[in-house]
Amino acid sequence: MRYEAPSTIDQAVEILSQADGITRVLAGGTDVIVQMRSGMVEPDLVVDIKRIDAMHEITPEDGGFRVGAAVSGAQLGEHDGVKALWPGVVEATELIGSTQVQGRATMVGNLCNASPAADSVPALVTAGAIVSIVGPGGARREIPAYEVTTGPGKTSLEKGEIVESILLPARPARSGDAYLRFIPRTEMDIAVVGAGVALTLHPDGTCAEAKVALGAVAEVVLLVEPAASAIVGTRLEDEALDALAAAASAACRPIDDKRGTIEFRTKVAGVLARRAAVIAHDRARG
Amino acid sequence: MSQIHVSTTINGDPAEFLCEPDETLLDVLRDRLGLTGSKEGCGSGDCGACSVTVDDRLVCSCLMLGAEADGRDIGTIEGLAEGEHLHPLQRKFLDHAALQCGVCTPGFLVAAKALLDHNPDPSETEVRYWLAGNLCRCTGYDKIVRAVLDTAAEMKGA
Ligand SMILES: Cc1cc2nc3c(=O)[nH]c(=O)nc-3n(C[C@H](O)[C@H](O)[C@H](O)COP(=O)(O)OP(=O)(O)OC[C@H]3O[C@@H](n4cnc5c(N)ncnc54)[C@H](O)[C@@H]3O)c2cc1C
Ligand code: FES
Ligand code: FES
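These numbers were taken from a predicted model, which means no experiment stands behind them.

Caption draft 1: The arrangement of the overall build of chain B in detail. Of regular secondary structure, chain B possesses five helices and five strands. Counting helices and strands in the order they occur from the N terminus, chain B gives β-β-α-β-β-β-α-α-α-α. For a compact globule of 158 residues, the expected C-alpha radius of gyration is about 15 Å, and chain B comes in at 16 Å, within 12% of that figure. Its C-alpha atoms give chain B principal-axis dimensions of about 50 × 30 × 25 Å. A burial count over chain B gives 51% of its 158 residues as buried. Taking all contacts inside chain B whose residues are at least 6 apart in sequence as the whole, residues at least 24 apart take part in 54%. As displayed, chain B offers around 7200 Å² of accessible surface, 48% of which is attributable to carbon and sulfur atoms. Between the mean site of the 13 positive side-chain charges and the mean site of the 25 negative ones, chain B shows a separation of 8 Å.

Here it is in structure tokens:
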């Protein structure tokens, strides 16, 4: 295996795009190194992006924040600005692993590892996060977080492409977001179900806009539009929340495994979506 | 496979080593530098026995490459005591009998030190969450948590 740690993203892209064989970008390594050690993947080349200074920055942009691809969960959790703007995204990212894992793990790694149960992804999707990608020749493109994962372990990134940053956009007044997951214990486990909700209220208190996303109930994170439309125009009365929960459960197509049966996951998805909506609603009302 | 030359700082002292590109920092510490205080419990980030700090951030050294240490400031369990003088956490672990077999102890101490550096007055809940990535198969955790809280109280009083 070759290890490279370039100091610019253009060099990183160049090295990656010219390499043959199996390549991996190394951010926090909390997925890549586990996979290497278990023999799941044997890369010929690993490109460490942590020597690229700009990748460690969180910068305000148009009322939102641009988060560099090498920003760890711990660093994100210490940023009061991001926490105030998108508390759901920060709480979802902080759920990843232990204090030690938080010291290294990144949101971008969580997204690009493409696990259906990745905790930050439903929150990024409901936040409408935009992912900035640099490719061969310095070509840049931007796609919604929702379009990055295409299946378990699969992304829409092309050979040589690297995610440079994620833009957490500005949020209208009277907005809130939240993420909840179910795990069998209180810490250090993989989500059996995860649910993210982001919403914005009209000045009269009715819901103007909403997004609901579910993790671990399909091969990719699901953006459940019927669940969102169930609360748009309402004040999140019980009836509307029941409809949201029913729509969330209806969208699930989970697997049965030791962590949870299909029936359990389907039910819990509705319950969590409802609870997350209530928290997001409280946050939006301030 | 050509080896990588790494210059780093370990417990405040400059250190240099050669390592394979896919060698973990934990293997480098133990097998190349003779710093065997950091333990391997799982090798997959689950147990925390390999905990070290990198530029003051707590991480698992089993989930980091040795090559990544270049230019960084690494803190290991060997840096906790000052010569013969135990760190207050080490003393309190002994006082509270917060260890039995001891395999998890270096990781707990490094993690607890990082906690107290970051938050000198943690609540019991904060201690338990911070240490959730450190597993112990012997003590049942309670004595460890008491030892950390007692250290915080003592250091605050000092
Ligand atoms: C003990 C433990 C507990 C964990 N608990 C959780 C949990 O509770 N919830 C959860 O969701 N995950 C969990 N994880 C998984 C992992 O920590 C997360 O997925 C983490 O966010 C990965 O980030 P990373 O920076 O470490 O990624 P890396 O391991 O560095 O990379 C992950 C993948 O993304 C690719 N990649 C990384 N950065 C880029 C980039 N900039 N551009 C293109 N591709 C890129 C890599 O090539 C690799 O394929 C856990 C892992 C461990 C070891
Ligand atoms: S050996 Fe590193 S976490 Fe267990
Ligand atoms: S004292 Fe034996 S594992 Fe903790």
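Caption draft 2: View of the site of ligand 1. Surveying the vicinity of ligand 1 reveals 35 residues, the closest of which are Thr30, Asp31, Val32, Thr106 and Asp119 of chain A. Mapping the residues near ligand 1 onto chains gives chains A and B. Gly28 of chain A is positioned such that a nitrogen or oxygen atom in its backbone is 2.8 Å from an oxygen atom of ligand 1. Here ligand 1 has 980 Å² of accessible area as a free molecule, and 91% of this is covered by the chains. Those elements giving two or more residues to the shell around ligand 1 turn out to be β2 (23-26), α2 (32-37), α7 (107-113) and β10 (162-168) of chain A. The leading source of residues in the shell around ligand 1 is α7 of chain A, at five residues. Among the residues forming the shell around ligand 1, the class breakdown is 19 nonpolar, ten polar and six charged.

Caption draft 3: Seen up close, helix α1 (residues 25-32) of chain B. Residue and element names in this part refer to chain B. Among the residues of α1, those classed as buried are Leu25, Leu26, Val28 and Leu29. The arc that holds the buried residues of α1, viewed along the axis, is 170°, so those residues lie on one side. Those residues of α1 that are buried are in contact with β1 (4-10), β2 (13-19), β3 (51-54) and β5 (73-75). Positive backbone phi, approximately 70°, marks Gly34, located one or two places after α1.

Caption draft 4: Looking closely at unusual backbone geometry. Residues other than glycine seldom take positive phi values, yet Ala97 of chain B does so here, at roughly 50°. Relative to the elements of secondary structure, Ala97 of chain B occurs in the loop between α2 (88-95) and α3 (105-118).

Caption draft 5: Just the packing of aromatic side chains, in detail. All names here are of chain A. Evaluated as defined, the whole model comprises two aromatic pairs over all chains. Note on Phe182 and Phe264: the rings are 5.3 Å apart at their centroids and 70° apart in plane angle, and the pair reads as edge-to-face. Of this pair, Phe182 sits in strand β11 (residues 175-182) while Phe264 sits in helix α11 (residues 262-285), and the two are 82 residues apart along the sequence. For Phe264, a relative accessible area of 34% corresponds to the partly exposed category.

Caption draft 6: Representation of the environment of His87 of chain B in the model. Residue and element names in this part refer to chain B. By secondary structure assignment, the location of His87 is in the loop between β5 and α2. The spacing of His87 and Trp130 is 43 residues in sequence and 19 Å in space, taken between C-alpha atoms. Dropping the residues within four chain positions of it, His87 is found in contact with Leu80, Ala81, Lys113 and Met155.

Caption draft 7: Region of the structure containing empty space enclosed by the protein. Residues and elements named next belong to chain A. For the structure shown, the criterion picks out two cavities of 30 Å³ or more. There is about 40 Å³ of room inside the largest cavity. If you go around the largest cavity, the residues you meet are Leu111, Ala114, Ser115, Pro116, Ala118, Val121, Thr149, Glu219, Val220 and Val221. Residues that form the lining of the largest cavity fall into these classes: seven nonpolar, two polar and one charged. Here the second largest cavity is characterised by a volume of approximately 30 Å³. Lining the second largest cavity are Val67, Val71, Ser72, Gly73, Leu76, Thr93, Ala105 and Met107.

So, how was this worked out
- Every chain is numbered on its own, with residues counted from 1 as its sequence reads.
- Both sets of labels track the order of writing: A upward for chains, 1 upward for ligands.
- Where local features are concerned, this predicted model is filtered to residues with pLDDT of at least 70; where side-chain atom pairs are given and counted, the filter is 80 or more; whole-chain, interface and lining totals use all residues.
- Side-chain measures here rest on the full set of heavy atoms in the structure, leaving out hydrogens and waters.
- Going along the chain from the N terminus, every DSSP run of H or I of four or more residues is numbered as a helix, and every run of E of two or more is numbered as a strand.
- In this treatment the radius of gyration is a C-alpha quantity, and the globule benchmark scales as 2.2 Å times the residue count to the 0.38 power.
- The cut-offs for exposure are 20% and 50% of the maximum accessible area for each residue type, with area from a 1.4 Å probe on protein chains only; residues under the lower value are buried, those over the upper are exposed, and the others partly exposed.
- A contact between two residues is defined here by any heavy atoms of the two lying within 4.5 Å.
- Each accessible area is a Shrake-Rupley estimate made with a 1.4 Å probe; only the visible protein chains count as cover when residues are assessed.
- When charges are counted, neither His nor the chain ends are considered; positive counts come from Lys and Arg and negative counts from Asp and Glu.
- Positions of charges follow a simple convention, taking NZ of Lys, CZ of Arg, CG of Asp or CD of Glu.
- What makes a residue near a molecule or strand is one non-hydrogen atom of that residue sitting within 4 Å of it.
- Any pair of nitrogen or oxygen atoms within 3.5 Å is treated as a polar contact; in protein, a donor-acceptor pairing is required on top of that, and neighbouring residues in sequence qualify only through side-chain atoms on both sides.
- The classification used treats Ala, Val, Leu, Ile, Met, Phe, Trp, Tyr, Cys and Pro as nonpolar, Asp, Glu, Lys and Arg as charged, and all other residues, Gly among them, as polar.
- This arc corresponds to the set of directions leading from the helix axis out to the C-beta atoms.
- Pairing of aromatic side chains here covers Phe, Tyr and the six-membered ring of Trp, requires ring centres within 6.5 Å, and sorts the geometry by plane angle: under 30 degrees stacked, over 60 edge-to-face, intermediate tilted.
- Lining residues are those with an atom within 4 Å of a point, where the points come from a 1 Å grid over the protein atoms alone and group into cavities, where a 1.4 Å probe fits but cannot get out, or pockets, open sets with protein on both sides within 12 Å along at least five of seven lines.
- Grid points are joined across faces, edges and corners, and a volume is the space filled by probe spheres set on the points.

By themselves these figures say nothing about function.
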